[in-house]
Amino acid sequence: MVICVYTEDRWGDILAAVASVAAQSHPALETLVVVDHNPALLRRLAERYGKDAADGTGSGPVRVLANAGPRGLSAGRNTGVAASSGEVIAFLDDDAVAERDWLRHFAAGYADPRVMAVGGRTQPVWASRGRPAWFPEEFDWVVGCTYRGLPPGRVQVRNVLGGNASFRRSGLLAVGGFASGIGRDGQRLPLGCEETELCIRLRRAVPGAVLLIDDRAVIHHRVPAERERFGYFRTRAYAEGLSKALVAHSVGARDGLASERRYTTRVLPAGVARGLRDALLRRPGGAGRAGAIVAGLAVTAGGYAVGLVRARRGAGRYAVASVEGAAANAAGEAAA
């Protein structure tokens, strides 16, 4: 079980995430909390979870580690994978809590040896105690949650969503782990898509690989007030376009945009129609939701266009920082 963290501002959320893992009906072999280049947070968590946690050698239920690679979520996840010992590695966002049977549903999926990844359903917990009337469910991915348009039940998918996901170790090793240069890295723009890129490489590297989403594996993801605003919605949509362009340029548009084609041609038009219908019926937020879908698609498309230009000029490169490399870096730091 790996939880990547980066800021003391989420101290309460981090403790709640770790506690939700400890309360699972299917116990985790170990929980690794990987701190992304924040020495103060590293020390504080080490003190919270015991002396042995400080150097990552403890055998207790929680171990605290420093990210052994460059700043960012991808390298942090690779550090956790390299330090873990389980056959399946699960990832949980640092501002989310898992329901009691979350890991049990994940584990059940791996009874089939073809399964290389299992994801779950992520539900938003709005700071205002309710979804903003204008915020369309089709764009819940903006706040890291399961969005309208994903199929229900336990189904095969192109990719799982990174903050609520698990992978078979052999699959992660086959592709070398998450790519650095994609996804969150502490910069201003809230980038993403690192799990999409990894899942596409995984399906190519492992013949017959099956990737699942099981919507019974539920986590609850906190959405702070600043992410309920249209400004964040617009910025995150633009960043997603940039990220999609990098993925499509790297793995090809056929795979990189396979799920997005259905989403933009079927899911979003249906969402606009629902919003306009609600507006005609004078239901709250109908016109706002329809407008947000149109604006979100336009901004994402704009980011994609800009991202393609940058990628073709060589400004959008990334590298696969192998799990083995993360292990070597961690060993070097321990020796030093």
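Basis of the calculations
Residues numbered from 1 in each chain as written. Predicted model: local features only at pLDDT ≥ 70, side-chain atom pairs only at ≥ 80, totals over all residues. Heavy atoms only, no water. Buried < 20%, exposed > 50% of the residue type's maximum accessible area, 1.4 Å probe, protein only. Helix = DSSP H or I, 4+ residues; strand = E, 2+ residues; numbered from the N terminus. Arc of directions from axis to C-beta. Contact = heavy atoms within 4.5 Å. Phe/Tyr/Trp six-rings, centres within 6.5 Å; stacked < 30°, edge-to-face > 60°. Lys NZ or Arg CZ within 6 Å of the ring centre and 35° of its normal. Expected span 1.5 Å × (residues − 1).

(A) Examining helix H4 (residues 102-109) more closely. Residues Trp102, Leu103, His105, Phe106 and Gly109 constitute the buried set of H4. Around the axis of H4, the buried residues are gathered within 160° of arc, so they sit on the same side. On the buried face of H4, the contacting elements are strand S4 (88-92), strand S5 (96-98), strand S6 (115-126), strand S7 (154-156), strand S8 (164-168) and strand S10 (210-223).

(B) Looking closely at the packing of aromatic side chains. Under the counting rule described, the total for this entry stands at 14 aromatic pairs. Arranged with centres 5.1 Å apart and planes meeting at 40°, the rings of Trp134 and Phe135 form a pair that is tilted. With a relative accessible area of 0%, Phe135 lands in the buried category. Both rings, one in Tyr147 and one in Tyr263, keep their centres 5.5 Å apart while their planes meet at 75°; by these two values the pair is edge-to-face. Here Tyr147 is found in the loop between S6 and S7, whereas its partner Tyr263 is found in helix H9 (residues 258-280), with 116 residues between them in sequence. The ring of Phe91 has Arg77 lying over it, and the distance from NZ or CZ to the ring centre is 5.6 Å. A cation over an aromatic ring shows up here: Arg77 above the ring of Phe178, its NZ or CZ 5.2 Å from the ring centre.

(C) Just helix H1 (residues 11-22), in detail. When the terminal C-alpha atoms of H1 are compared, their 17 Å separation across 12 residues agrees well with the 16 Å that a helix rising 1.5 Å per residue should span. Buried residues of H1: Trp11, Asp13, Ile14, Ala17, Val18, Ser20 and Val21, and no others.

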